[in-house]
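Structural characterization, general
Spelled out from the first residue to the last, the chains are:
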Amino acid sequence: MKKFLGKCEKCKRSICEEHAYLYVDGNNRAITNNSPYLCKECYESEYNEKIKSDVEKFKDNIINNLETIKVDSNIETIRVDDLIKYIKES
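Residues numbered from 1 in each chain as written. Predicted model: local features only at pLDDT ≥ 70, side-chain atom pairs only at ≥ 80, totals over all residues. Heavy atoms only, no water.

1. Some thoughts on the overall build of the chain
Helix and strand content of the chain: four helices and zero strands. In the chain, buried positions account for 21% of the 90 residues. Roughly 7000 Å² of accessible area belongs to the chain as shown, and the carbon and sulfur atoms make up 50% of that amount. (Helix = DSSP H or I, 4+ residues; strand = E, 2+ residues; numbered from the N terminus. Buried < 20%, exposed > 50% of the residue type's maximum accessible area, 1.4 Å probe, protein only. Areas by Shrake-Rupley, 256 points an atom, 1.4 Å probe, with all protein chains shown as cover.)

2. Considering the environment of Lys-10
By the secondary structure assignment, Lys-10 is in the segment before helix H1 (29-34). For Lys-10, a relative accessible area of 44% puts it in the partly exposed group. Measuring from C-alpha to C-alpha, the distance between Lys-10 and Leu-38 comes to 6.5 Å, with 28 residues separating the pair along the chain. Residues in contact with Lys-10, not counting those within four places in the same chain, are Leu-38, Cys-42, Ser-45 and Glu-46. (Contact = heavy atoms within 4.5 Å.)

3. Here's the deal with the state of the cysteines
Under the criterion given, the structure shown has zero disulfides. Here Cys-42 is not cross-linked by a disulfide; its sulfur's nearest cysteine counterpart is in Cys-39, at 3.5 Å. (Disulfide = S-S within 2.5 Å.)

4. Focus: the nonpolar core
Judged by nonpolar contacts, Phe-4, Cys-8, Ile-15, Ala-20, Leu-22, Tyr-37, Leu-38, Cys-39, Cys-42, Tyr-43 and Ile-51 together constitute the single largest core of eleven residues. In this structure, Cys-8 is in contact with Arg-13, Ile-15, Tyr-37, Leu-38, Cys-39 and Cys-42, ignoring residues within four places of it in sequence. (Core = buried A, V, L, I, M, F, W, Y, C linked by side-chain atoms within 4.5 Å.)

5. Comments concerning the environment of Gly-6
Mapping Gly-6 onto the fold places it in the segment before H1. The spacing of Gly-6 and Cys-16 is ten residues in sequence and 5.9 Å in space, taken between C-alpha atoms.

6. Here's the deal with unusual backbone geometry
Its identity as a non-glycine residue notwithstanding, Lys-12 has a phi of 70 degrees, on the positive side. Position of Lys-12 among the secondary structure elements: in the segment before H1. Although it is not a glycine, Asn-48 sits at a positive phi angle of roughly 50 degrees. For Asn-48, the position within the fold is in the loop between helix H2 (40-47) and helix H3 (54-72).

7. A short note on the side chain of Ser-35
You can see Ser-35 is positioned in the loop between H1 and H2. In this structure Ser-35 comes out as buried when scored by relative accessible area, which is 4%. From its side chain, Ser-35 meets the backbone oxygen of Tyr-23 in a polar contact 3.1 Å long. Here Ser-35 is in contact with Lys-2, Leu-22 and Tyr-23, once residues within four sequence places are set aside. (Polar contact = N/O pair within 3.5 Å; in protein donor to acceptor, adjacent residues only side chain to side chain.)

Put into structure tokens, the structure is as follows:
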């Protein structure tokens, strides 16, 4: 894998390694090894893929757990559905 140089290789904006995104191809290591380090905005536009924020990931996790609880228990589904709707909208 190539070395990260501290900037987005498309727009040249300085970014830290924590905020650099690299395309990973599970079937072709050469593609992964030659992928450019990109900032979030450039990655999303280059690969037409939205990167979820930590808050969005957290919400998805809560919703998935609530849906599992709803299926596995006798909790009133209408209340769980209302809670899921509230989380998605907030």
